[in-house]
Each structure stands twice: as C-alpha cells, then as structure tokens.
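# Coordinates in review
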Amino acid sequence: MKGRKTWERGYAAGLIDGEGCISIKKVNNFNTKRNVEYSLQININMTDIESLDFMFGAFGGRLYKNLQSLENHLSVHRWEITRESAKKFLKQILPFLKVKKIQAGLAIRFQDLRKKEERKNGRYRPIFQFKLDRYEQFYQEMKRLKISNADVTTKRVEPISSVSDSLVLQEI
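Residues numbered from 1 in each chain as written. Predicted model: local features only at pLDDT ≥ 70, side-chain atom pairs only at ≥ 80, totals over all residues. Heavy atoms only, no water.

## What to know about the packing of helix H1 (residues 6-19) against helix H2 (residues 49-59)
Between H1 and H2, the least distance of the axes is 11 Å, while the angle of their chain directions is 130 degrees. In terms of orientation, H1 and H2 fall into the oblique class. Crossing of H1 against H2: the hand is left-handed. Contacts between H1 and H2 pair Trp7, Glu8, Arg9, Tyr11, Ala12 and Leu15 from the former with Ser51, Phe54, Met55 and Phe59 from the latter. In the contact of H1 with H2, the residues fall into 7 nonpolar, 1 polar and 2 charged. (Axes fitted to C-alpha atoms, helices over the stretch in contact; angles between N-to-C directions. Helix = DSSP H or I, 4+ residues; strand = E, 2+ residues; numbered from the N terminus. Parallel < 35°, antiparallel > 145°, perpendicular 65-115°, else oblique. Left-handed = near helix turned anticlockwise from the far one by under 90°. Contact = heavy atoms within 4.5 Å. Nonpolar A, V, L, I, M, F, W, Y, C, P; charged D, E, K, R; others polar.)

This is how it looks when you write it as structure tokens:
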C-alpha cells in the first residue's frame, strides 16, 4: 500500500466518494464475554469488477466476486478493507476526498482509539464501560454524518482541529 501514485489515490478517493461506504460497524456478540464489538469497515459494491480488482491490487483488503443478486440483474462484487488497514487506506486518500472527507476523519480517529484495545497474545483486553460508551458515540456520529450527507452540496461542515479526539463539528 505504500507509495501509491497520485492518480491511484485520486481514483480510489473518487470511487469511495461515489460508490463507497465508510462505516463503524456495531455487532452484538451474545456468544462471547464481549457483548458488543465495534470495528471500522470500508466497502464498495458495484457491478464493474475491473475497478474493484484495481482497489484490491493497489490497496489490499478482500474482494468478493459474484455476490448473490436479483434475477435479471448483473452480478454485484464487493471490495472491503477493515480496521487498521482501512485507517492506512483512508490516510492515503484523505487529501483527495470531497464528499466523505469528514466521515474519513472520524473513522481515522475512531481506529486510533480502537487500536489501543486490539488483541494482545491472541486475547482482547477487557474494555471498560466508558470505552464502550466512547465507541458508541463514534458509531452514532458516523450514522448522523451519513444521514446529513445529502446536505453536503449546500452546507460545508469541517471538524474542529484543535480538539484531537473530539466529535464536535462546526459549520464554516
């Protein structure tokens, strides 16, 4: 993933802005000691396999071909990248993003916080409730950004840069 050419990062950003999804997934795990799990995920679903082959070759992740589709519809394919790899990817394309730049910034901050609790010796460290509450704040903020994304052409919103881990946004 290191040293991507400018056009490759720009092309990837265009795909993410137009067809991609940056999300913080919340999964309820009732079979483990950890009831709730949060993770960063980026994906693109589309019928054009060549674009997704490019993403897989240039940035890694996973490529799912010929996902189940409706009768009389083209096959849908998915490129997906998660967790720390997703953060590294977002950092590379961040300067080129237009529509999803704020979502990307939030996702990077989430993963920075989340990384501190990743596995150690094959086991997750215990997470205190205040950390889970913080993850939930990131999750809810990402949902809010997705809902307000329709307003992106009429109202520009930027994160406050003076607070490194803040979810507070201001209009400019």
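## A short note on the pattern of salt bridges
Applying the stated criterion across every chain yields a total of 7 salt bridges. Linking glutamate 37 and arginine 114 is a salt bridge whose minimum nitrogen-to-oxygen distance equals 2.6 Å. Separated by 77 residues along the polypeptide, glutamate 37 in strand E2 (residues 36-46) and arginine 114 in helix H4 (residues 101-115) bring together distant segments of the chain. For the pair shown, glutamate 37 and arginine 114 are each scored as buried. Two residues, glutamate 141 and arginine 144, come together in a salt bridge whose shortest N-O distance is 2.8 Å. Taken as a pair, glutamate 141 and arginine 144 lie in helix H5 (residues 129-148) at a separation of 3 residues, close to a single helical turn. Its relative accessible area of 38% is what places arginine 144 among the partly exposed residues. What you see here is one network of salt bridges that share partners, running through Glu37, Arg83 and Arg114. (Salt bridge = Lys/Arg side-chain N within 4 Å of Asp/Glu carboxyl O. Buried < 20%, exposed > 50% of the residue type's maximum accessible area, 1.4 Å probe, protein only.)

## Quick notes on the side chain of aspartate 17
Within the secondary structure layout, aspartate 17 lies in helix H1. Buried within the structure, aspartate 17 lacks any salt-bridge partner; lysine 100 is the closest side chain of opposite charge, at an N-O distance of 6.0 Å. Among the polar contacts made by the side chain of aspartate 17, one reaches the main-chain amide nitrogen of lysine 98 at a distance of 2.7 Å. Only 3.2 Å separates the side chain of aspartate 17 from the backbone nitrogen of valine 99, close enough to count as a polar contact. (Lys, Arg positive; Asp, Glu negative; His and termini not counted. Polar contact = N/O pair within 3.5 Å; in protein donor to acceptor, adjacent residues only side chain to side chain.)

## Looking at H2
Turning to H2, its buried residues number three or more, namely Ser51, Leu52, Phe54, Met55, Ala58 and Phe59. What you see down the axis of H2 is that its buried residues fit within an arc of 150 degrees, all on one side. Residues of H2 that are exposed and angled more than 90 degrees away from the buried face: Glu50 and Gly57. Buried residues in H2 make contact with H1, E2, strand E3 (62-67), strand E4 (76-82) and helix H3 (83-93). Put simply, aspartate 48 is the residue that caps the front of H2, since its side-chain oxygen is 3.2 Å from the backbone nitrogen of glutamate 50. Positive backbone phi, approximately 85 degrees, marks glycine 60, located one or two places after H2. (Arc of directions from axis to C-beta.)

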